[in-house]
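A structural walkthrough
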Amino acid sequence: MNTVYLVDGSSIFFRAYHAIPNLRRSDGMATNAVYGYISTLRSLIREYQPRSMVVAFDRPEPTFRKERFEAYKANRAKPPEDLAAQIPYIKEATAKLGISSLEMPGFEADDLIGTLAVRLADEGRDVVVVSGDKDLLQLVNDSVKVLRLSHAKNQMYSAEEVVDRFGVPPEKLIDVLGLMGDASDNVPGVPGIGEKTAIALIQEYGSMQALYENLERVSGAKRR
């Protein structure tokens, strides 16, 4: 009853847009993202029956990450026009469903979700973050879980599931992601270091800082 669901609305409607092609109304306007988004929210509400829910959205303005790293997401094209045209309807549908929403220029939906998750947990609330983004798994603790939506089967991640999937606890995931980089966001990692090697290195050394302090112990000249 005390659990707050924090939903990454942008990730849901982007996924819906690509998963449901060629759905249009009689005047030709695309409705696939709207339909998929509403269907996902209704399914979420029906299955988990949350008492409190907030949806966060990305904004079109550049974020603080772009200011710090010019190449951030430079590999991504602008959203298609027929998707952009649906976003106002998606936000209107969220309000009609009685769900609060948040967005802030300069920040991504993930940033708002992360901030809220930490604050709510500090206040003694339980939190479920709803997103397909693996970066948010680093938020997982005794009060925060992450629900990753999937066409096949949704999966709820506690700390145990994060360890099962990545081999490190949630608080170490940032070190793994830092080493391997994130091609989808155009963030480079260490050349030649993929997920498997990054996990093994953090398992062995405990942190990226400890790894760099012990480079002479790392096997392989190229890797070192």
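Residues numbered from 1 in each chain as written. Predicted model: local features only at pLDDT ≥ 70, side-chain atom pairs only at ≥ 80, totals over all residues. Heavy atoms only, no water.

With respect to the overall build of the protein chain
How we decide: Secondary structure elements follow DSSP: runs of H or I no shorter than four residues count as helices, runs of E no shorter than two count as strands, and numbering proceeds from the N terminus. With the radius of gyration taken over C-alpha atoms, the globule rule is written as 2.2 Å times the number of residues to the power 0.38. Here the term buried applies to any residue with accessible area under 20% of the maximum for its type, exposed to any over 50%, and partly exposed to those in between, with areas from a 1.4 Å probe on protein chains only. Residue contacts are counted whenever heavy atoms from the two residues lie within 4.5 Å of one another.
Looking only at helices and strands, the protein chain has ten helices and six strands in total. A compact globule built from 224 residues should have a C-alpha radius of gyration of about 17 Å, and the protein chain, at 19 Å, falls within 12% of that. Buried positions account for 37% of the 224 residues belonging to the protein chain. Sequence separation of at least 24 residues holds for 61% of the intrachain contacts in the protein chain that already meet a minimum separation of 6.

So, the environment of Ile87
With respect to the element layout, Ile87 can be found in helix α5 (residues 87–96). By relative accessible area, Ile87 is classed as partly exposed at 22%. Distance from Ile87 to Phe13, taken between C-alpha atoms, is 8.5 Å for residues 74 residues apart in sequence.

Examining the packing of aromatic side chains
What counts, and what does not: By convention, a stacked pair of Phe, Tyr or Trp rings (six-membered ring in the case of Trp) has centres within 6.5 Å and planes under 30 degrees apart, an edge-to-face pair has planes over 60 apart, and any other such pair is tilted.
The full count for this structure, using the stated rule, is five aromatic pairs. Aromatic pair Tyr5 and Tyr48: ring centres 6.3 Å apart, planes at 45 degrees, arrangement tilted. Note that Tyr5 is positioned in strand β1 (residues 3–8) and Tyr48 in helix α2 (residues 32–48), a separation of 43 residues in sequence. When its relative accessible area of 8% is taken as the criterion, Tyr5 is described as buried. Residue Tyr48 is classed as partly exposed on the basis of its relative accessible area of 23%. Between Tyr37 and Phe57, the aromatic rings sit 6.3 Å apart at their centres with planes inclined by 40 degrees, giving tilted as the arrangement. Taken together, the residues span a long stretch of sequence, with Tyr37 in helix α2 and Phe57 in the loop between β2 (52–56) and α3 (64–68) at a distance of 20 residues.

Overview of the sheet that holds β2
Selection criterion: We call two strands paired when DSSP finds no fewer than two bridges between them. Lines fitted to the C-alpha atoms define the axes, with helices restricted to the stretch that makes contact. Angles between their N-to-C directions range from 0 to 180 degrees.
The six strands are arranged β3-β2-β1-β4-β5-β6 in an open sheet whose pairing can be described as mixed. Strands at the two margins of the open sheet, each flanked by one partner only, are β3 (100–102) and β6 (155–157). Neighbour-to-neighbour, the strand axes of this sheet turn through a mean angle of 25 degrees, independent of strand direction. The pairing of strand β5 (residues 144–148) with β6 spans three bridges and is antiparallel. Counterpart to Val146 in the pairing with β6 is Tyr157. The sheet strands contacting helix α6 (residues 109–122) are β1, β2, β3, β4 (126–130) and β5, and the helix crosses β1 at an angle near 170 degrees.

With respect to the pairing of β1
Among the six residues of β1, five are classified as buried, and the element is accordingly described as predominantly covered. In this structure, β1 lies alongside β4, joined through five bridges in parallel fashion. Bridge pairing in β4 links Thr3 to Asp126. As paired elements, β1 and β2 share five bridges and run parallel to each other. Of the residues in β2, the one forming a bridge with Val7 is Val55.

As for the packing of helix α1 (residues 9–19) against α2
Counted only if it meets this: Any angle between 65 and 115 degrees counts as roughly perpendicular, while under 35 counts as roughly parallel, over 145 as roughly antiparallel, and the rest as oblique. Left-handed describes a crossing whose near helix is turned anticlockwise from the far helix by less than a right angle; the clockwise case is right-handed. Residue polarity follows a fixed list, in which Ala, Val, Leu, Ile, Met, Phe, Trp, Tyr, Cys and Pro are nonpolar, Asp, Glu, Lys and Arg are charged, and the others, Gly among them, are polar.
Between α1 and α2, whose axes approach to 7 Å, the crossing angle comes to 125 degrees. Taken together, the axis directions place α1 and α2 in an arrangement best described as oblique. Here α1 runs over α2; the crossing is right-handed. On the side of α1, the interface is formed by Gly9, Ile12, Phe13, Arg15, Ala16 and Tyr17, while α2 contributes Asn32, Ala33, Gly36, Tyr37 and Thr40. Classifying every residue of the contact of α1 with α2 by side-chain character gives six nonpolar, four polar and one charged.

Some remarks on the packing of helix α8 (residues 173–180) against helix α9 (residues 195–205)
As a packed pair, α8 and α9 sit with axes 9 Å apart at the nearest point and diverge in direction by 135 degrees. When the axes of α8 and α9 are compared, the pair comes out oblique. Handedness of the α8/α9 crossing: right-handed. Contacts between α8 and α9 pair Asp175, Val176, Leu179 and Met180 from the former with Glu195, Ala198, Ile199, Leu201 and Ile202 from the latter. Partitioning the contact of α8 with α9 into residue classes produces seven nonpolar, no polar and two charged.

Section: the nonpolar core
Note the threshold: Within this scheme, the nonpolar core is defined by two criteria: the residues are buried Ala, Val, Leu, Ile, Met, Phe, Trp, Tyr or Cys, and they are joined through side-chain atoms within 4.5 Å.
Residues Leu6 and Val129 are the most contacted members of the largest nonpolar core, which totals 34 residues. Elements that contribute at least two residues to this core include exactly β1, β2, α6, β4, β5, α7 (159–166), α8 and α9. No other element matches α6, which puts six residues into this core. When near neighbours in sequence (up to four residues on either side) are disregarded, Val129 contacts Leu6, Ile113, Ala117, Leu136, Leu139, Val144, Lys145, Val146 and Leu147.

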